[in-house]
Amino acid sequence: MTTPLKSGDRIRLISMTDDPDPIPIGATGTLTGLYPQSGWTQVDVEWDNGRSLMLSIPPDVVERIESPKDAPSC
């Protein structure tokens, strides 16, 4: 079972469909809000590249990544 996304999670975009000017695949950002709808979730993301574009999950697909504060230090 996959742990649900939550505000503050770091994510990487896997795919984005149906957008005329999509965020590039592989872009990373911080999730700032989740708004469940009937059968899908609207997701606000603060993208590291400065863009502001919400996701619709599904069909958009992301993966949770380690935040810099969670990364092991040497």
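Residues numbered from 1 in each chain as written. Predicted model: local features only at pLDDT ≥ 70, side-chain atom pairs only at ≥ 80, totals over all residues. Heavy atoms only, no water.

Trainee: Whenever I open this one, the pairing of strand 3 (residues 41-47) confuses me. Can you help?
Mentor: Every other side chain in a regular strand lies on the same face of the sheet, so the side chains alternate between the two faces. Of the pairings in the sheet, the one linking strand 2 (residues 28-36) to strand 3 comprises seven bridges and is antiparallel in character. Bridging from a neighbouring strand, G29 pairs with W47 of strand 3. In textbook terms, the turn of a hairpin is the stretch between consecutive antiparallel strands, and for strand 2 and strand 3 this stretch comprises four residues, one of which, G39, has a positive phi near 90°. The pairing of strand 3 with strand 4 (residues 55-57) spans three bridges and is antiparallel. Bridge pairing in strand 4 links Q42 to S56. (Pairing = 2+ DSSP bridges. Helix = DSSP H or I, 4+ residues; strand = E, 2+ residues; numbered from the N terminus.)

Trainee: For this particular structure, what's the right way to read the nonpolar core?
Mentor: The nonpolar side chains of a soluble globular protein tend to be buried, and buried together. Listed in full, the 11 residues of the largest apolar core are I11, L13, M16, I23, A27, L31, V43, V45, W47, L55 and V62. Among the elements that make up this core, the one with the highest residue count is strand 3 (three residues). When sequence neighbours within four positions are dropped, the list of residues in contact with I11 reads L5, A27, T28, G29, V45, W47, L55, V62, E63, R64 and I65. (Core = buried A, V, L, I, M, F, W, Y, C linked by side-chain atoms within 4.5 Å. Buried < 20%, exposed > 50% of the residue type's maximum accessible area, 1.4 Å probe, protein only. Contact = heavy atoms within 4.5 Å.)

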